[in-house]
Structure formats: structure tokens, C-alpha cells
Amino acid sequence: MMNSRRDMVKGAAMTATGIVLGAMSSLKSQPAVAQQPTPQPRESISTNRLLVGKVAFVTGAARGIGRAIAELFAANGANVAMLDIADPSRLNSSTGYRVANMAEFDQAVASVQRYGTKVLKIQVDVRDLAGMQAAAERTNRELGGIDIVVANAGYCAWHSFEDGTTKQWEDVIDVNVHGVFNTAKATIPFLKQRRGGRIVNLASVGGRAGFAGNGAYTCSKWAVIGMTKQAAQELGKYNITVNAIAPGAVNTPLYRSEGQMRSMGVSSAAEQDKLIDPISPLGNAGAVEPEDIARTALFLASDAAKTISGTTIDNALGFNASYTA
Ligand SMILES: NC(=O)c1ccc[n+]([C@@H]2O[C@H](COP(=O)([O-])OP(=O)(O)OC[C@H]3O[C@@H](n4cnc5c(N)ncnc54)[C@H](O)[C@@H]3O)[C@@H](O)[C@H]2O)c1
């Protein structure tokens, strides 16, 4: 027999970026949430100087998790190439979510520069292999190599298989799957030159199960976990580790977007958090902060993880305890 807490959980599922309660049919009547959230203040950053002398290449770095990773890496001594599309007019098939703009990118770069290491700002679309190769070459030339690659850029358009458009499907797969491939392909030659390196891919709890209303995104994140294993098999002989992080709900513009809230059938961050709590063993926290995910990336990029490859670390307040793999 279920207690009331479990009754609340019944029928609940965490989407790639949050929770869906009930069926898509209940989603359409939800009120729109007009505004993108403003970036939250940073938590204090720990600086154990774990990456002194390293060069990191971080995609989707204009805000959210990518920005937090760039900041934490710089705080730990790394020189950082920050890459982002930073132009909502170039990727806009999603309803209720936009990618970063140049003002957000500039703000993120300034924030990373505070740590005093070298920072390279590159506006590029991860869907563009030639552009990514040029970005990798520039990073190698101007920062003296590439040691750590974080394929973080991601895109979401919340839809079911039945309702999604071909354009939405293509955009999500192009960014989240081809973008991760392009990031690896562009940087592997430089990691090999260093005789070793790290690749960290951003997957999601949506890459661990199926979640109603999140079709292409969920499929794309399963692919990220597959690509992580495949690349780990191929690159181990070059002393390159390849791992992924599967976050649950993270307090970023993506998770706090109107599209995500619509998919959860809610209209405020507080309501999102209320839904998350019952299915999170480490509940009462709502979403984790981008810095929490950055610390996992730092671990995977550091010497402490030099014998770990082909794995995916769930960072989801224990929600992952509810699925098998
Ligand atoms: N926030 C969550 O709850 C959550 C949960 C699981 C996984 N993730 C994953 O974490 C990663 C970061 O997401 P976030 O929550 O920080 O979102 P976000 O929207 O805050 O940041 C995503 C960044 O990627 C950039 N980007 C998007 N498409 C791009 C492209 N084609 N080329 C270059 N840059 C591009 C955006 O401009 C933006 O700066 C994504 O891969 C996302 O799928 C997020």
C-alpha cells in the first residue's frame, strides 16, 4: 500500500530537465511564463588549484552549467576557451526557451576573467564542424594546447513524438548529438598531441530512461551516453578519458524556462521544486545549482579521476536510485 508521499510520486517522471506529472494533454492549458530567469548569484567557489597549466575547451559557456564549469576551472588555474552560439536568431524552434545572447556571453566571460587565467571567447555553433575545428585550432594556437574538453552545449524543445515538428527534432538532435560528435572530432587531434586528456559530456537523467513529452531531448541524451562509451573505447590508448555527467534538475535558464515549466504543468520555480522533492531521496533542495554539476566536471577533469573512463555520473539528488542503470 502506498503512503501519501508515494502517492504523489505515482505517475510522476523526471524529464530530461525536470518533472512531468501526468500526460501531455494536461500541459496545453497551462499559463505561459513570459520571462527568462535572470542568472542567479554564484556560490562561493573552491579553489584547490587542481588544473594549473591545463587548457579547457567548454561549449555552451555563456551561462548555466557551462559558465559554472568555466568559472570553476579558471578558479582552479586552467586557461579556458569559452564557446557559445550566443545568438537566439540562429536557433529558435523551441517554444518557451531561448539560447544565450551576446550580453549573457560577455557577462560570463567577464566573470571567468576574474580568476586571472587566460580566457578565450569564441562565438561558434556546435552544429558547425568546420567552425568547431577552427575554434579548436585557435584555442591550441592562443592557449598553447587543449587538455580538457567539456561538451556541454545543449538544446531542448519540449514535445511528444506525435506533436513535435521535424525542425524541432532536427535541432535537438543536431545540437545534442552532432554537436557532441563535432566537439570531440575537432579536439581529439589536440588531446592526442598532449599525449592525454579528458572529455566530459553533458548527458542528463533523460539519458537513463524515457520521459513523456521530451522526445528528441531524451533520445539525444541516450546517444550522449552511448557516444561516451564508444569514444572511451577508442581513445583510451591515447590516455584520453571520456566520461559523462547526468544531471537531474539544475537551476539554470534551461530548467527554469517557460518550455520546461509547461512540460511539468506548472508556472513557477516554487511549483517545480515542490514536484521534485517527493522523487528526490536528497529532497527539499528543489534543483541543484550549476556549481554542483561543475564540481563533478572538475573531479572528472582532475588527477583524481585519471583511472575512470566510459562512465556516466548521475548528479540528481539521488533520483537516479529509481532507475536500474
Ligand atoms: N538544467 C538542467 O536541469 C539540466 C539537466 C540535465 C542536463 N542538462 C544539460 O546541461 C547542459 C547545459 O544546460 P543548462 O541547463 O546550463 O542550459 P542553458 O540554456 O543555461 O545553457 C545552454 C548553453 O548552450 C548554448 N548553446 C545551445 N545551443 C548551442 C549551439 N548550437 N552551439 C553553441 N552553444 C549552444 C546556449 O546558448 C547556452 O549558453 C545541456 O547539455 C543540458 O542538456 C541540464
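One can find the structure itself at the top, above this paragraph.
My aim in this report is to walk through the structure given alongside it, one point at a time. Everything numeric in this text was worked out from a predicted model, so none of it was measured.

Definitions and cut-offs
Residues numbered from 1 in each chain as written. Predicted model: local features only at pLDDT ≥ 70, side-chain atom pairs only at ≥ 80, totals over all residues. Heavy atoms only, no water. Axes fitted to C-alpha atoms, helices over the stretch in contact; angles between N-to-C directions. Helix = DSSP H or I, 4+ residues; strand = E, 2+ residues; numbered from the N terminus. Parallel < 35°, antiparallel > 145°, perpendicular 65-115°, else oblique. Left-handed = near helix turned anticlockwise from the far one by under 90°. Contact = heavy atoms within 4.5 Å. Nonpolar A, V, L, I, M, F, W, Y, C, P; charged D, E, K, R; others polar. Near = heavy atom within 4 Å. Polar contact = N/O pair within 3.5 Å; in protein donor to acceptor, adjacent residues only side chain to side chain. 1 Å grid on protein atoms, 1.4 Å probe; cavity = no way out; pocket = protein on both sides within 12 Å on 5 of 7 lines; lining within 4 Å. Sits in = over half its atoms within 2 Å of the grid points.

Helix H5 (residues 166-193) packs onto helix H4 (residues 129-143) with a crossing angle of 30° between their chain directions and a minimal axis gap of 8 Å. Here H4 is positioned roughly parallel relative to H5, judged by the angle of their axes. Regarding H4 and H5, the two cross each other, and that crossing is right-handed. On H5, the residues that touch Leu129, Met132, Gln133, Ala136, Glu137 and Asn140 of H4 are Asn182, Thr183, Lys185, Ala186, Thr187, Phe190 and Gln193. Here the residues of the contact of H4 with H5 are counted per class, giving five nonpolar, six polar and two charged.

Right, let's get into the site of the ligand. Inspection of the region around the ligand gives 33 residues, with Asp84, Tyr97, Asp125, Tyr217 and Thr252 positioned closest. The contact in question runs from an oxygen atom of the ligand to an N or O atom on the side chain of Lys221, over 2.9 Å. Thr252 is positioned such that a nitrogen or oxygen atom in its side chain is 2.6 Å from an oxygen atom of the ligand. With respect to the pocket detection grid, the ligand is positioned in the largest cavity. Elements supplying a minimum of two residues to the shell around the ligand: helix H2 (64-75) and helix H6 (215-235). Its residues assigned to classes, the shell around the ligand comprises 21 nonpolar, eight polar and four charged.

Limitation: the analysis is restricted to geometry and does not speak to function.
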